[in-house]
Structure formats: structure tokens, C-alpha cells
Amino acid sequence: MKNLTLQKGKKVYFASDNHLGAPTRAASLPREKKFVAWLDSIKGDAGAIFLMGDLFDFWFEYKTVVPKGFTRTLGKLAEITDSGIPIFYFVGNHDLWMSGYFEEELNIPVYHKPQQLLINGTSFFIGHGDGLGPDDKGFKRMKKVFTNRLAQWLFRWLHPDLGVRLAQHLSVNNRIISGEADAKFLGEDKEWLVLYAKRKLEQQHYDHFIFGHRHLPLEIKLNEKSTYTNLGDWISYFTYAVFDGEKLTLEKYES
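Residues numbered from 1 in each chain as written. Predicted model: local features only at pLDDT ≥ 70, side-chain atom pairs only at ≥ 80, totals over all residues. Heavy atoms only, no water.

(A) Inspection of the overall build of the protein chain at higher detail. A tally of regular secondary structure across the protein chain gives eight helices and 12 strands. Carbon together with sulfur atoms contributes 51% to the accessible area of the protein chain, which is approximately 12,600 Å² in total. (Helix = DSSP H or I, 4+ residues; strand = E, 2+ residues; numbered from the N terminus. Areas by Shrake-Rupley, 256 points an atom, 1.4 Å probe, with all protein chains shown as cover.)

(B) Structural detail: the sheet that holds strand β8 (residues 208–211). Spatial strand order, β1-β6-β7-β8-β10-β9: six strands in an open sheet with mixed pairing. Each edge of the open sheet carries a strand with a single partner, namely β1 (2–4) and β9 (217–221). Each adjacent strand pair in this sheet contributes to an overall mean axis angle of 20 degrees, direction not counted. For strand β6 (residues 115–119) and strand β7 (residues 122–127), the ladder comprises five bridges, and the chain directions are antiparallel. When the sheet's bridge partners are listed, Ile 119 is paired in β7 with Thr 122. Where helix α8 (residues 192–201) meets the sheet, its contacts fall on β7, β8, β9 and β10 (227–231), and the angle it forms with β8 comes to roughly 145 degrees. (Pairing = 2+ DSSP bridges. Axes fitted to C-alpha atoms, helices over the stretch in contact; angles between N-to-C directions. Contact = heavy atoms within 4.5 Å.)

(C) Here's a closer look at the sheet that holds strand β11 (residues 239–243). With respect to topology, six strands assemble into an open sheet ordered β5-β4-β3-β2-β11-β12, the strand pairing being mixed. At either margin of the open sheet sits one strand with a lone partner, and together these are β5 (110–111) and β12 (248–252). Relative to β11, strand β2 (residues 11–15) runs antiparallel, the two sharing three bridges. What sits directly across from Tyr 13, in β11, is Val 242.

(D) Representation of helix α1 (residues 25–42). For α1, spanning 18 residues, the distance from its first C-alpha to its last is 25 Å, which sits close to the expected 26 Å at 1.5 Å a residue. The largest bend in α1 comes to about 25 degrees, at Arg 31. Those residues of α1 lying buried are Ser 28, Arg 31, Glu 32, Lys 34, Phe 35, Val 36, Trp 38, Leu 39 and Ile 42. (Expected span 1.5 Å × (residues − 1). Bend = angle between axes of the 7 residues up to and from the residue. Buried < 20%, exposed > 50% of the residue type's maximum accessible area, 1.4 Å probe, protein only.)

(E) How the structure looks around the pairing of β10. For β10, the buried fraction is high: five of the five residues fall into the buried class. A two-sided burial pattern is seen for β10, the buried positions comprising Thr 227, Thr 229 and Leu 231 on one face and Tyr 228 and Asn 230 on the other. Relative to β10, β8 is paired through four bridges, and the arrangement is parallel. Along β10, the bridge assignment pairs His 208 with Thr 227. Where β9 and β10 come together, five bridges link them in antiparallel fashion. From the neighbouring strand, Lys 221 faces β10, where its bridge partner is Thr 227. Once β9 ends, the chain turns through five residues before running back antiparallel as β10.

(F) Structural detail: unusual backbone geometry. Look at the link from Ala 22 to Pro 23: it is a cis peptide, with omega at -5 degrees. Mapped onto the fold, Pro 23 is located in the loop between β2 and α1. Unlike most non-glycine residues, Phe 238 shows phi in positive territory, near 55 degrees.

Encoded structure:
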């Protein structure tokens, strides 16, 4: 379990699901500028920042090439880590093909699986949320293709101009990949990430479960001592979570 100790007056921030580049780069640019402004607004008291996946609507790292664009975001992330504020990244279902660029260029560790976290004695279980729990069946099938080494090798042989354009088209138009079919509240007894969290609690206690992926800002009490929080997105809600060392709150960025 990763252990973080917050200094007095510092906070930990969590954000997810920006889907930069969707439906087009031009259309997502105002959202990107808003996200960068939020990063600027929190860097004064941030003890750590957790980006919980799908920052990009599509991301694939060739050996010498990454997708064009997102200069403002990447530059701001580099500025923040250069200042000494740690950033941690969890891949989502749209950017799971990360293989070293963030670590090498931005000094941001990347996680491909959920992690346990202890902050000032408060326990967290955090991850993007895709493929967890008893549902999300369409994406579970799709993920087997996405993570297949042969499929990745074949895709890598496509010229980036063709491969990236094809992937962006599928990402925006395929409801299984985009997750639009799951962007409605199902009811607490049918929310598969809630059910997943409750199963985890049968094995070990966590004070907080934090996920993205569902594109819905949610705060649900799992029992008297544990809470499930979904971070929402930076498309419709512009929400994020903040932990001040004692309390976790879900907030909305107003610019």
C-alpha cells in the first residue's frame, strides 16, 4: 500500500475522464484550457494530484511517436512535476496503451491496475474503474482485444496518420469504447462499481473507493465507515475530488 503524508495545509486532488480530442481537437480545446486553468488553481496547495484515466480520448505510444496535440496539458503537467508536486496517472480504457512516455518525459508514474493508498492514516482503493465488478461486459470483451499483444503489434505497424485516425473514429463512434451507454445512473443496487467495492470490503476495509469511467459525479455510502466516490468528468460536469487530510469532498470547478 502506497503511503502519503500530507504537510499541513496541503491537499490531494483526484480528476478523471477529460477525453481530450473528442469529438474533435477544436471542440475539446475549450475544455482543455479549462482543465489547465484548474491545474493552475490547485498547484498552490496540492500535495499530490491523481489523474484517474481517459485524459485523452485516444492515446497510443509508438516507439518514437505519440499523438499530436494536447500541448497545453502536457506542458502544464511537466511544469507541476518540475516544481516538486507529484502526479500519479491511472490508465483508462481510452489511454491504456501507455508504455513509458509519461514516466520519461513528465516524471509521472503510470499504473495499469487499481492501487491501495494510505494518506495520513486514511485508506483508499483507487483506479479508473473499467472492467471491474459484475457488469461492464461489453468493454471486458473489447479489452481482451485492446490488450492482446498480437493486436497491439499489428496496430503498431499501421502508419500513425492512419492508425490514429482510425482509432479516433472508433473511440468517438463506438458506444462500447466511448462508454456513453453506461453514463446513466443505474440505481445503487445495480451500480457495478458499487457492487465491486462492497465485495472488496468483505476482504479488507477501505475508507474510500475512488473511480472514474462512469462519467457521473457520485457519492454513495457503502457502510458506516466506507464511501464510494465517482469523479464525474470534464465534459459535462467538470468535477473532481479533494482530500484535505481528514475529509474527502466532491467539488465542481467553476471558471
